[in-house]
Amino acid sequence: TWWESGPEIAYSYTSPINQTVTAEITPLAGVNNLDLFLIQDSGEGCHADSCIDYDGREITWDAVAGVTYYIVVDGFSMAHGEYRFNFDCGT
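Residues numbered from 1 in each chain as written. Predicted model: local features only at pLDDT ≥ 70, side-chain atom pairs only at ≥ 80, totals over all residues. Heavy atoms only, no water.

> Would you take a moment to explain the overall build of the chain for this structure?
Looking only at helices and strands, the chain features 0 helices and 7 strands. What you see in the chain, going N to C, is helices and strands ordered as β-β-β-β-β-β-β. A compact globule built from 91 residues should have a C-alpha radius of gyration of about 12 Å, and the chain, at 13 Å, falls within 12% of that. Viewed in the frame of its principal axes, the chain has a C-alpha envelope of about 35 × 25 × 15 Å. Buried positions account for 36% of the 91 residues belonging to the chain. Long-range contacts, defined here as pairs at least 24 residues apart, represent 77% of the contacts in the chain between residues at least 6 apart. Accessible area of the chain: about 5,300 Å², with a carbon and sulfur share of 49%. (Helix = DSSP H or I, 4+ residues; strand = E, 2+ residues; numbered from the N terminus. Rg over C-alpha atoms; globule rule 2.2 N^0.38 Å. Buried < 20%, exposed > 50% of the residue type's maximum accessible area, 1.4 Å probe, protein only. Contact = heavy atoms within 4.5 Å. Areas by Shrake-Rupley, 256 points an atom, 1.4 Å probe, with all protein chains shown as cover.)

Right under this line is the structure:
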């Protein structure tokens, strides 16, 4: 229901073990309105209906071994720009 009309990029991750994972973005050079979405692949790939969490900067979740997750960075209301992406999977 959000107007996420900016360009988007998706990162995929399949955890080899059950573990806590964190994805974080830090917008650079005055960029605003970037959002993170966490999508769990339920057999349809990176499909918006499978979104399990979202936030403006950071998402932490308990990844299940063998399950593919997509971390999507998108811009609200045509927002776009450079950002730093940090990913911590513990191992």
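Let us keep going from here.
> Just checking my understanding: could you explain the sheet that holds strand β3 (residues 34-40) for this structure?
What holds strands together in a sheet is hydrogen bonding between their backbones, with the strands either parallel or antiparallel. Spatially, the 4 strands line up as an open sheet ordered β1-β6-β3-β4, and their pairing is antiparallel. At either end of the open sheet lies a strand with only one pairing partner, and these are β1 (9-14) and β4 (51-55). For this sheet, the mean angle separating the axes of adjacent strands, direction not counted, is 20°. Bridging between β1 and strand β6 (residues 68-75) involves 6 bridges; their strand directions are antiparallel. Residue pairing across strands places T14 opposite T68, the latter belonging to β6. (Pairing = 2+ DSSP bridges. Axes fitted to C-alpha atoms, helices over the stretch in contact; angles between N-to-C directions.)

> Mind showing me how you'd approach the environment of V73 here?
For V73, the location among the structural elements is in strand β6. When its relative accessible area of 3% is taken as the criterion, V73 is described as buried. Counting along the chain gives 49 residues from V73 to E24, while the straight-line C-alpha distance between them is 9.8 Å. When neighbours within four sequence positions are excluded, V73 is seen to be in contact with P7, E8, I9, Y11, I25, D35, L36 and Y83.

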